[in-house]
Amino acid sequence: MKLYILNGPNLNMLGIREPDHYGTTTYEDLCEMIREHCEDLVVECVLRQTNHEGELVDYIQEAYFEDADGIVINPGAYTHTSIAILDAAKATRLPLVEVHISKVEEREAYRQVSYIREAAIATITGKGTAGYLEAIDLLCVKKR
Ligand code: DQA
C-alpha cells in the first residue's frame, strides 16, 4: 500500500503561521508523525509540499503514475480556488481524503467553497494535525 500525502501553500509554515488556527506543530513534526504512523501500518508514504498550484497538480499526477493507492491532500488556500487541482484529482480516480487542520466551516465566507471536495471520499476538518492520521486510516480501511 502506497499513499501520497500532499500539502499546498504555506503548510511549510506550520508552527509559525497563525497558531490559533493551525497549532504549534511544525511541518517537519507533522512529516515525522505521518512517517511513524505509516511505519506502524506498514504503509509506504510519499510526502510532498509546494507553494505552487501547478506543482501540486504535478504531484497529484505523480501519485497516479507511481501507482499510489490513495491521496491525502490539504490544498491550503487552493482548496477554495483551484479547478485545476480538482481536475487533476478526478483524472487519477484515486481515493482521496481532503484534510484541513482548522475548522474551515466555522471560518471566513471565502473558505466555505471547496473545489477538491467533489473528488474526495471524505473530508476531515478541525482535528489539527491528527486529521492527517485519520485520513490515512480511512484510506487503509477502504483498501481492505
Ligand atoms: C487550511 C485552511 C485553508 O483555508 C487555508 O488557506 C490553509 C490551511 C487548513 O488546513 O485548515 O492554508 O487548508
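So, a few notes on the structure that sits alongside this text. (Residues numbered from 1 in each chain as written. Predicted model: local features only at pLDDT ≥ 70, side-chain atom pairs only at ≥ 80, totals over all residues. Heavy atoms only, no water.)

Thoughts on the overall build of the chain
Within the chain, the regular secondary structure consists of five helices and five strands. Taken from N to C terminus, the helices and strands of the chain fall in the order β-α-α-β-α-β-α-β-β-α. Computed over its C-alpha atoms, the radius of gyration of the chain comes to 14 Å, within 12% of the 15 Å expected for a compact globule of 144 residues. Within the chain, the fraction of its 144 residues that count as buried is 48%. Here the contacts in the chain between residues at least 6 apart in sequence split such that 74% fall between residues at least 24 apart. (Helix = DSSP H or I, 4+ residues; strand = E, 2+ residues; numbered from the N terminus. Rg over C-alpha atoms; globule rule 2.2 N^0.38 Å. Buried < 20%, exposed > 50% of the residue type's maximum accessible area, 1.4 Å probe, protein only. Contact = heavy atoms within 4.5 Å.)

Section: the side chain of Ser-82
Mapped onto the elements of the fold, Ser-82 is located in the loop between strand S3 (70-74) and helix H4 (83-92). Reaching out from Ser-82, the side chain makes a polar contact with the backbone nitrogen of Ala-84 at a distance of 3.4 Å. Discounting chain neighbours no more than four positions away, the residues touching Ser-82 are Glu-53 and Tyr-115. (Polar contact = N/O pair within 3.5 Å; in protein donor to acceptor, adjacent residues only side chain to side chain.)

With respect to the nonpolar core
With 24 residues, the main nonpolar core has Ile-5, Leu-14, Ile-34, Val-72, Val-97, Tyr-132 and Ile-136 as its most contacted residues. Where this core is concerned, the elements lending two or more residues are strand S1 (2-7), helix H2 (27-41), strand S4 (96-100), strand S5 (122-125) and helix H5 (130-143). Of the residues forming this core, the biggest block, six residues, is contributed by H5. Tyr-4, Ala-63, Ile-73 and Leu-96 belong to the second-largest nonpolar core, a separate cluster that totals 19 residues. (Core = buried A, V, L, I, M, F, W, Y, C linked by side-chain atoms within 4.5 Å.)

A look at the environment of Leu-96
With respect to the secondary-structure elements, Leu-96 resides in strand S4. Of the residues examined, Leu-96 reaches a relative accessible area of 1% and is grouped as buried. In sequence terms Leu-96 and Met-33 are 63 residues apart; their C-alpha atoms lie 20 Å from each other.

As for the site of the ligand
All residues in the neighbourhood of the ligand are listed as Arg-17, Tyr-22, Asn-74, Gly-76, Ala-77, His-80, His-100, Ile-101, Ser-102, Val-104 and Arg-111. The side chain of Arg-17 places a nitrogen or oxygen atom 3.1 Å from an oxygen atom of the ligand. Within the side chain of Asn-74, an N or O atom sits 2.8 Å from an oxygen atom of the ligand. Starting from 320 Å² of accessible surface for the ligand in isolation, the protein chains cover 98%. Looking at the shell around the ligand residue by residue, the class counts come to four nonpolar, five polar and two charged. (Near = heavy atom within 4 Å. Areas by Shrake-Rupley, 256 points an atom, 1.4 Å probe, with all protein chains shown as cover. Nonpolar A, V, L, I, M, F, W, Y, C, P; charged D, E, K, R; others polar.)

Here's the deal with the packing of aromatic side chains
The tally for this structure, following the rule as stated, stands at one aromatic pair. Pairing Tyr-64 with Phe-65 gives two aromatic rings, centres 5.1 Å apart and planes at 80°, and the pair type is edge-to-face. Exposure remark for Tyr-64: the relative accessible area of 42% places this residue in the partly exposed category. Lying over the aromatic face of Tyr-22, Arg-17 brings its terminal NZ or CZ to 4.1 Å of the ring centre. (Phe/Tyr/Trp six-rings, centres within 6.5 Å; stacked < 30°, edge-to-face > 60°. Lys NZ or Arg CZ within 6 Å of the ring centre and 35° of its normal.)

Details of the pairing of S1
By the criterion of burial, S1 is predominantly enclosed, with six of the six residues buried. Neither face of S1 is open: one carries Lys-2, Tyr-4 and Leu-6, the other Leu-3, Ile-5 and Asn-7, and all of them are buried. As paired elements, S1 and strand S2 (residues 44-49) share six bridges and run parallel to each other. If you follow Asn-7 over to S2, its bridge partner there is Gln-49. Where S1 meets S3, five bridges bridge the pair, whose relative direction is parallel. The residue bridging Asn-7 from the neighbouring strand is Asn-74, located in S3. (Pairing = 2+ DSSP bridges.)

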